[in-house]
Amino acid sequence: MLLLLLALSQGGCWDRRELEEMAFVLALGLDQDPEGGGLRMTAMVAIPNKMAGGGQDGGGEEDTVLVTTARAATVPEGLNLMDTYLDRRISLEHTKVMVLGRSLAEEEGLWPLMDFLGRFRSVRRTVPVMVAETTGEEVLAEIQPVLERDPHRYLEFLPFTTRDTGLSPQGAHLHELLTFTENPGIEPVSHWVALRKQPGGMNTEGAGKEGARPDGGGKQGGGEGNEGSEDGGSAGGGPGQGSPPLPGPAEPRGWEPGALPRRGGPNLEMVGAAVFRDGRMVGTMSGEEVRSLNLLRGRFRRAFLSVPDPLAPGQQVALEIRAGQAPRYRVSLAGGRPAISGRVPVEVEVQGIPSGVDYSRPEHQGALARAVQAELEAGIRKLIRRAQEEWQSDVIGLGLRVAPLFPTYDRWGAYGWDQRFPEAAIDIRVDVNLRRFGMQLQPPNPGR
Amino acid sequence: MTWWERLAALLDPAATEPPAAFTLGDRGVQPPEELEETRRRLREVQQTAEALRTRVDRYLAALEQSGGGPGEKGAEAYQGIGDLSPSLAENLERLRQRFRAPDNADLIIREIQVATRPPVRAAVVFLEGMAEKAVINSHILQPLMLLAHLDHHLQGPGDPPADSFPAKGAARGREGGAGRSPRAPGPGAEAGAGDSGGGTDCPLQAILQRLLPGNQAEVKPALDSVIDGLLYGDTAIFVDGCDRAITVETKGFPVRSVSTPQQEMVTRGPLDAFTEAFRVNIGLIRRRIKDPRLVTEILQVGSLSRTYVAILYVDGVVNPKLVREVKRRVSSLKVDYVGSSGVLEQLVEDRPLSLFPQTLSTERPDRAAAYLAEGHVVALADNSPFALVLPATFWSQLQTSEDYYIRWPFGSVLRWLRFGALVTAVLTGGLYIAAANYHHDMIPTELLLFIAARREQVPLPAGLELLFMEVAFELIREAGTRIPSVIGPTIGIVGALIMGQALVEAQLASPVVIIITALSGLASFAIPNYSTAFGLRTLRFAFIILALVLGIYGIAVGLFGVVLHLAGLRSFGVPYLSPLAPRVRHAPDVTQRGPLFDMEFRPRSIRPVDSRRQAPVARPWDPTVPRRLRRRQKGDGSGEPR
């Protein structure tokens, strides 16, 4: 009996904590300390009393979270520091997102964090990792969600939208970042966020006045990611009467966070991805490139896409593309230089044909399919070119396809895929299947 | 005595001392009353010995008279030889002594003259309150006193000659009783009547055959068997000069009529329930199994209560070993009082210390009949409106008879729902405590923050809060059961509404805890079996405490222990978790309720001697039945179980 009790007590969890004695960190921001040395840690801590919606007073105006920043050499030390001035024990069990500052990601990289986060039990490995254009502290402190009352919910749900847009990497969570960094065959990407910079542009209050708010992004001029601006404005809701123009590229080709052609809404934008190599951020990719990346990784779900109308120049056809089967790759190492050819099946559903061309007819279907194929292949080629030349980082994970050709892991490691990837000959073809035409087969037939 | 003196006397310990004149003897020495009782016992032992000697003497005399040896019928003949005296006065005196009359007002002795020629002195004896007086008046007293002198010219082949009414040895060698009560401990009285020859001019047989129109009347040679009959509402007739007595069935004690079930409600299905009269209960079952192989064996349990326990089974289906074991356990009981089947259940179950009942008690005759048809044994105790089904498995505790009366998909869903209720009833509280105290990452963030916000205002720690609420819930439940029905609604309102409302408003308990308490309480009431629900409710407290001390680990340890215990439990030799553990072939009738045509076999776990319940094709009219099955059925017919 005594033995039984002893055995039980040895295995028990003796760190009992009442819920109300805990401070739950909902979002964690990590930045490089500008003064050099150490981390700057920002925690968004829930205030359950305010958050549960049922305070005694109206409750809506008060902040439901507190954001605090501390400087420390390591993450645990930072938590300790926070514990000294927060009366509750701080816990990372419910952390929803991690936001890294760009400078931290570029200069120190993931390595210093990775060891800690990999060992630390209470951090969930499914936490999405974002890299902020400025600092994580700024994102957490300034973020103003509109639809959600609680900022952590906003941050939690934002990465989910990529399922429908394909514009942000799928599954860029902590675990993937850690494993992909260690895997020689693939390099990770993370979400890429930025705050919009116009002050007071989109406040949380005054949703009714939103349309009348004049100070859009007029002074912003182009933004940073303007390599796609040659297509800008063609379909993006022409400059109306009196309404200020919405700058920024109209097509996902050039969409970068912080510079989307839009007005109103929350002040955070998440599109594209931060690209890593050897645990260090080496660049960013645009929304369209991320979509191609998702397609190539086999992670793509569905997205809307507009392609130039092949039979009516100047017009666009709106389509929804879905992932078909997983992409197939064929790899050969003959001739010293890896040659990879792949086929990416894609299914297409027509969403709208403004030109009125009846693409459901067999003789026109091919033209539309070719247009889609050309559009997607162009995006893919661009991504591969940038990956090979600019970042020299195999974010697509082609290395995982090459690795099976080696009998042992050591041989594969010795092959040095890092160096071989930039010189690989990569040829990707997209197989387009026109599947559906929406609720009606033919375009509306005016007047005849 | 002034009022304050009276008041002071209430606080005065000396006032509670018993007066010198009266004490029950609480001061050490053995009181004379016990000595008196001991003496009386000794006297009774002496009388018993004398009675026994009388019987042995008569037996030997009968043997001598018949000339032969005891033979194989010796024991049987001995049963027919009693210890009653030919003297009416002596018999009545012994009877009075046994019944403590005249102190005991219930023993009614009516001395009469039987109006035969010549008249015979006799006595009609019955117990007040147990016998039906109208029957005694019209069917016993009237024929004996008024009609006996009428000439009975109707003469049957078995009758004694009419003119020799008080004939000597009139009924030699003839069957005595008009109907044998199943309670008759021995075979018929004819041997004694024929062979003992004790009463030289005993008109008993003639009275029995001609004058008593009661439908169950029999000759009893021994005083003890007469007393048994009296205690069960029979009327005894002692006739002067006869060393035997007649008992006539005149049961007439108050009995509640058959009414609707109080605990096992159904929406679809029969609405009759067992009552306290076990003969009625047996009838309710027999009405549902019209097979001559349905056997009712009756045992007596309890030295004081002499409760009749009926063991019912379908011979040819049930495993005879099981019947033997049930009978062995029931008849071996050495207790004084068995008031109800609930007592019997505790006395015969394999592990009385377990939290789980190892018999299935039901108040529904249809359910008992269904289990009989499966090959179980049903035990009915007198004065108890509940039948015990033996053996019982864990799964049967979670089933109701309604599962079979509705169509199978819904029956299955109901069962799954009950499994959900089982888990909810046992684990909700513990899981909440474990999650809120140890494993904060188990709860979704929003819910966690909501709980935390509510908890902030509650002064008690979560575990104490939950225990407090659970105890309050049990209080309400218990008070609601015990409360006199006049003020029942008041308790409902005070307990449930006002207290719940006040608790939340005073923020002594968070709404989450109230929800959890209510949920687990509700779930425990969804468990159809009353005593299983009790066991589960007790387990719930154990799990809360385990979770409080050890977290999820504690719950895991507790679950392990409970499953271990359940797996080791046996009910009348049948593993409690069978047929799932140990796994034997079974009809889809354990965790789900399959369509009826799939239930071809009786439960293997109770090893019925006839395991097939129905033909392989239960619905031969159906053209969609595969022809292969149909042909097989036509071919060998029986379809032995593999």
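Residues numbered from 1 in each chain as written. Chains lettered and ligands numbered in written order. Predicted model: local features only at pLDDT ≥ 70, side-chain atom pairs only at ≥ 80, totals over all residues. Heavy atoms only, no water.

Draft legend 1. Main features of the side chain of Glu20(A). Assignment of secondary structure puts Glu20(A) in the loop between α1 (2-11) and β1 (22-32). Look at Glu20(A) and you get buried, because its relative accessible area is 17%. Polar contacts involving the side chain of Glu20(A) include one to the side chain of Arg455(B), which spans 2.9 Å. Ignoring any residue separated from it by four or fewer positions in sequence, one finds Glu20(A) in contact with Arg88(A), Ala452(B), Arg455(B) and Glu456(B). (Helix = DSSP H or I, 4+ residues; strand = E, 2+ residues; numbered from the N terminus. Buried < 20%, exposed > 50% of the residue type's maximum accessible area, 1.4 Å probe, protein only. Polar contact = N/O pair within 3.5 Å; in protein donor to acceptor, adjacent residues only side chain to side chain. Contact = heavy atoms within 4.5 Å.)

Draft legend 2. Representation of the packing of aromatic side chains within the structure. Applying the stated criterion across every chain, the model contains 15 aromatic pairs over all chains. A ring pair is formed by Tyr232(B) and Tyr308(B), whose centres lie 4.4 Å apart and whose planes are at 80 degrees; its orientation type is edge-to-face. Placement of Tyr232(B) in the loop between α8 (223-231) and β4 (235-239) and of Tyr308(B) in strand β7 (residues 307-314) is noted, with a sequence separation of 76 residues between them. The buried category is assigned to Tyr308(B), whose relative accessible area is 5%. In this structure an aromatic cluster arises from ring pairing among Phe406(A), Trp412(A), Tyr415(A), Trp417(A) and Phe421(A). For Arg163(A), the ring lying beneath its charged end belongs to Phe160(A), and the centroid distance is 5.3 Å. Above the plane of the ring of Phe525(B) lies Arg537(B), whose end atom (NZ or CZ) is 5.0 Å from the centre. (Phe/Tyr/Trp six-rings, centres within 6.5 Å; stacked < 30°, edge-to-face > 60°. Lys NZ or Arg CZ within 6 Å of the ring centre and 35° of its normal.)

Draft legend 3. Structural detail: the domain arrangement of chain A. Residue and element names in this part refer to chain A. Segmentation of chain A into domains returns domain 1 (19-272) and domain 2 (287-436). With 26 residues of domain 1 at the contact, the number on the domain 2 side is 28 residues. Buried area between domain 1 and domain 2, both sides added, is near 2,100 Å², and the carbon and sulfur share of it is 46%. The partner of Arg299 in a salt bridge is Glu176, with the nearest N and O atoms 2.9 Å apart. Summed over the shared surface of domain 1 and domain 2, the result is 11 residue pairs in polar contact (both at pLDDT 80 or more). Take the side of domain 1 that touches domain 2: its biggest share by element is 4 residues, from helix α8 (residues 162-165). Per-class residue counts for the side of domain 1 that touches domain 2 are 10 nonpolar, 9 polar and 7 charged. (Domains from an automatic or database assignment. Buried area = accessible area lost by both parts, 1.4 Å probe. Salt bridge = Lys/Arg side-chain N within 4 Å of Asp/Glu carboxyl O. Nonpolar A, V, L, I, M, F, W, Y, C, P; charged D, E, K, R; others polar.)

Draft legend 4. Spatial organisation of the sheet that holds β7(B). Residues and elements named next belong to chain B. Pairing is antiparallel in the open sheet, where 5 strands are placed in the order β6-β7-β9-β10-β8. In this open sheet, the two strands that pair with only one neighbour each are β6 (294-301) and β8 (360-362). With direction set aside, neighbouring strand axes in the sheet form an average angle of 25 degrees. Bridge count for β7 against strand β9 (residues 377-381) is 4 bridges, and the pairing is antiparallel. Across the sheet, the residue bridging to Ala310 is Leu380, located in β9. The strands that helix α11 (residues 341-348) touches are β7, β8, β9 and β10 (387-390); relative to β10, the one it contacts most, it runs at about 25 degrees. (Pairing = 2+ DSSP bridges. Axes fitted to C-alpha atoms, helices over the stretch in contact; angles between N-to-C directions.)

Draft legend 5. Quick look at the pattern of salt bridges. Scanning the model with the defined rule gives 61 salt bridges over all chains in all. The partner of Arg40(A) in a salt bridge is Asp33(A), with the nearest N and O atoms 3.0 Å apart. When its relative accessible area of 22% is taken as the criterion, Arg40(A) is described as partly exposed. Residue Arg94(B) is joined to Asp83(B) by a salt bridge in which the shortest nitrogen-to-oxygen separation is 3.2 Å. Residue Arg94(B) is located in helix α4 (residues 88-99), and its partner Asp83(B) is located in the loop between α3 (74-79) and α4; the two are separated by 11 residues in the primary sequence. Taken together, the salt bridges that share partners define one network made up of Glu470(B), Glu474(B), Arg477(B), Glu478(B), Arg482(B), Arg537(B) and Arg540(B).

Draft legend 6. Region of the structure containing helix α3 (residues 75-85) of chain A. All names here are of chain A. Regarding α3, the residues found buried are Val75, Gly78, Leu79 and Met82. Across the axial projection of α3, the buried residues extend over an arc of 100 degrees, all falling on one side. Buried residues in α3 make contact with β1, β2 (39-46), β3 (65-72), β4 (89-91) and α5 (111-119). (Arc of directions from axis to C-beta.)

Draft legend 7. Main features of the sheet that holds strand β5 (residues 245-248) of chain B. Residues and elements named next belong to chain B. Read across the sheet, 5 strands follow the order β1-β2-β4-β5-β3 without closing on themselves; strand pairing throughout is antiparallel. Looking along the sheet, the strands with just one partner apiece sit at the ends: β1 (107-114) and β3 (217-220). Along the sheet, successive strands turn relative to each other by an average axial angle of 25 degrees, direction set aside. Pairing of β3 with β5 involves 4 bridges; the strand directions are antiparallel. Within the sheet, the bridge partner assigned to Glu218 lies in β5 and is Thr247. Its contacts with the sheet put helix α5 (residues 133-147) on β1, β2 (120-127), β4 and β5, and the angle it makes with β1 is roughly 25 degrees. Each of β1, β3, β4 and β5 is contacted by helix α7 (residues 204-211), which is oriented at about 170 degrees to β3, the strand it contacts most.

Draft legend 8. Highlighting the interface of chain B and chain A. With 29 residues of chain B in contact, the opposing surface of chain A contributes 30 residues. Interface area for chain B against chain A, summed over the two sides, is near 2,500 Å², with a carbon-plus-sulfur share of 58%. For the chain B face of the interface with chain A, the top three residues by lost area are His440(B), Leu449(B) and Glu456(B), together amounting to 23%. The interface formed by chain B and chain A contains 4 salt bridges. Here Glu18(A) and Arg455(B) are joined by a salt bridge, their closest N and O atoms 3.2 Å apart. Looking at the side of chain B that touches chain A, the elements that each hand over two or more residues are α14 (408-437), α15 (445-456), α16 (462-482), α19 (530-550) and α20 (552-568) of chain B.

Draft legend 9. Just the packing of α14(B) against α19(B), in detail. Residue and element names in this part refer to chain B. Following both chains from N to C, one finds α14 and α19 inclined at 15 degrees, their axes separated by 8 Å at the closest point. By the angle between their directions, the pair α14 and α19 is classed as roughly parallel. Once α14 is placed against α19, the crossing between them reads as right-handed. Contacts from Leu422, Ala425, Val426, Leu427, Gly429, Gly430, Ile433, Ala434 and Asn437 in α14 reach Leu536, Leu539, Arg540, Phe543, Ile544, Ala547 and Leu548 in α19. Residues that form the contact of α14 with α19 fall into these classes: 12 nonpolar, 3 polar and 1 charged. (Parallel < 35°, antiparallel > 145°, perpendicular 65-115°, else oblique. Left-handed = near helix turned anticlockwise from the far one by under 90°.)

Draft legend 10. Representation of the domain arrangement of chain B in the model. Residues and elements named next belong to chain B. Along its sequence, chain B is carved into domain 1 (83-248), domain 2 (278-392) and domain 3 (405-575). Facing the 6 residues of domain 1 at the interface are 6 residues of domain 2. For the pair domain 1 and domain 2, the summed buried surface comes to about 510 Å²; carbon and sulfur atoms form 48% of the total. Here domain 1 and domain 2 share 1 salt bridge between them. Residues Arg306 and Asp228 are paired through a salt bridge, measuring 2.4 Å at the closest nitrogen-oxygen approach. The interface formed by domain 1 and domain 2 contains 2 residue pairs in polar contact (both at pLDDT 80 or more).

Draft legend 11. Layout of the environment of Val348(B). Residues and elements named next belong to chain B. On the secondary structure map, Val348 appears in helix α11. Take Val348: its relative accessible area is 4%, and that puts it in the buried class. Each C-alpha atom, one on Val348 and one on Val330, is 6.7 Å from the other, the two residues being 18 residues apart in sequence.

Draft legend 12. Seen up close, the packing of α5(A) against helix α9 (residues 174-182) of chain A. Residues and elements named next belong to chain A. Where α5 meets α9, the axes come as close as 11 Å, and the angle between the chain directions of the two elements is 120 degrees. Relative to α9, the element α5 lies oblique. Of the two possible hands of crossing, α5 and α9 adopt the one that is left-handed. Mapping the contact onto sequence places Trp111, Met114, Leu117 and Gly118 in α5 and Leu174, Leu178 and Thr181 in α9. When the residues that make up the contact of α5 with α9 are grouped by side-chain class, the tally is 5 nonpolar, 2 polar and no charged.

Draft legend 13. Looking closely at helix α10 (residues 287-297) of chain A. Within α10(A), 11 of the 11 residues are buried, which leaves the element mostly enclosed by the surrounding structure. Downstream of α10(A) by a residue or two, Gly298(A) has a phi angle that is positive, lying close to 80 degrees.

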